[in-house]
Amino acid sequence: MLWSRANNTFDNRPHAMETDWATFCALASDIQRPDKSLPAKEAKKFQMAWLPAVWESRPWPEVTLRGSSGIVGGWVIPLDFDNAYHLVTGFNEDGTQIVETRQVEAPAHFEEVEARLQALGLRALLYTTFSHTPGHHKFRGAIPVDRMILPQEWPQAVEYLLETTALNRWRHCLDIKAMRNAAGLYYLANDYNGEPQRTVLDGAVLHLPTDLTNQTLPNLPNTTRFTPEALAQHARIQSTLSAGAPDTYWWLEFGIDMTTLDLPM
């Protein structure tokens, strides 16, 4: 199977790996020992990671950097259980949202997902993340498939996995947007919050149909919510814009999301 490994967050030229399943599991779940004096978000930037895709090889200086372009494909689909949503509580004067991360209702538990995959007889890897706690489960996974997934069908392959395994019951717990990104980076297991949970399931690889490009993609889960106070503030901003008042919130008039810099289509 083909996949890639990166030295850290800043590694833009991940190393292509061709291994068997056992070697992938040993490498991808190798326990890292991060600097615990740093906040988790900073500590993980310097840890090794795996990526589900491989990139075409080009000689320097035309080397292909990590990103959506240049992807050849991959043989493993990631699972990204964050069990979280973003709650917008207000807006700053520069237009950015004031956001808190909250746990979803009816979160997925590590043991539940493990039991489901084991009941299906699927080959799988599961391990907990930097910010996993007993009260808020956060974990990653990998499901190998029986053929290379091409970049143009990657989102469909993710949805096929969720549908055929009934993991869609936890759709609200998954970061499906991240899973649909073949260039996504997944940090290895680590002991930042204590010894991580890890499970390797031996079973069958997931069979993929020959062509998935015509499969309709369902909508992504809504992972952003607004408090009544934030909605009221948004309404006041819109009213200010309609009245032609000072352009403090000009970004809203053009439909720009200042958090992600996404532009309206």
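A brief structural summary. Computed from a predicted model, the values in this text were never measured in an experiment.

Conventions and cut-offs
Residues numbered from 1 in each chain as written. Predicted model: local features only at pLDDT ≥ 70, side-chain atom pairs only at ≥ 80, totals over all residues. Heavy atoms only, no water. Phe/Tyr/Trp six-rings, centres within 6.5 Å; stacked < 30°, edge-to-face > 60°. Helix = DSSP H or I, 4+ residues; strand = E, 2+ residues; numbered from the N terminus. Buried < 20%, exposed > 50% of the residue type's maximum accessible area, 1.4 Å probe, protein only. Pairing = 2+ DSSP bridges. Contact = heavy atoms within 4.5 Å. Axes fitted to C-alpha atoms, helices over the stretch in contact; angles between N-to-C directions.

## Examining the packing of aromatic side chains
Thinking step 1. Taken as a whole and assessed by the stated rule, the structure comprises nine aromatic pairs.
Thinking step 2. Aromatic pair Phe110 and Phe139: ring centres 5.3 Å apart, planes at 65 degrees, arrangement edge-to-face. In this pair, Phe110 sits in helix α3 (residues 110-120) while Phe139 sits in strand β9 (residues 139-149), placing the two residues 29 residues apart along the sequence.
Thinking step 3. Pairwise contacts between aromatic rings join Trp3, Trp21, Phe24, Trp50 and Tyr186 into one cluster.

## Notes on the pairing of strand β5 (residues 71-81)
Thinking step 1. Across the 11 residues that make up β5, a large majority, nine, are buried.
Thinking step 2. By the bridge criterion, two bridges tie strand β4 (residues 54-55) to β5 in an arrangement that is antiparallel. In the strand pairing of β5, Trp55 is matched with Ile71.
Thinking step 3. With seven bridges connecting them, β5 and β9 associate as antiparallel partners. Bridge pairing in β9 links Ile77 to Ile143.

## Here's the deal with the sheet that holds strand β1 (residues 2-6)
Thinking step 1. Taken in spatial order, the four strands of this open sheet run β2-β1-β3-β10, and their pairing is antiparallel. With partners counted over all chains shown, the strands left at the sheet margins are β2 (15-18) and β10 (186-187), one partner each.
Thinking step 2. Sheet topology places strand β3 (residues 49-51) next to β10; two bridges connect them, and they run antiparallel. Directly across from Trp50, in β10, lies its bridge partner Tyr186.
Thinking step 3. Running at roughly 20 degrees to β1, helix α1 (residues 21-28) makes contact with β1, β2 and β3 of the sheet.

Distances and angles like these do not, on their own, reveal function.
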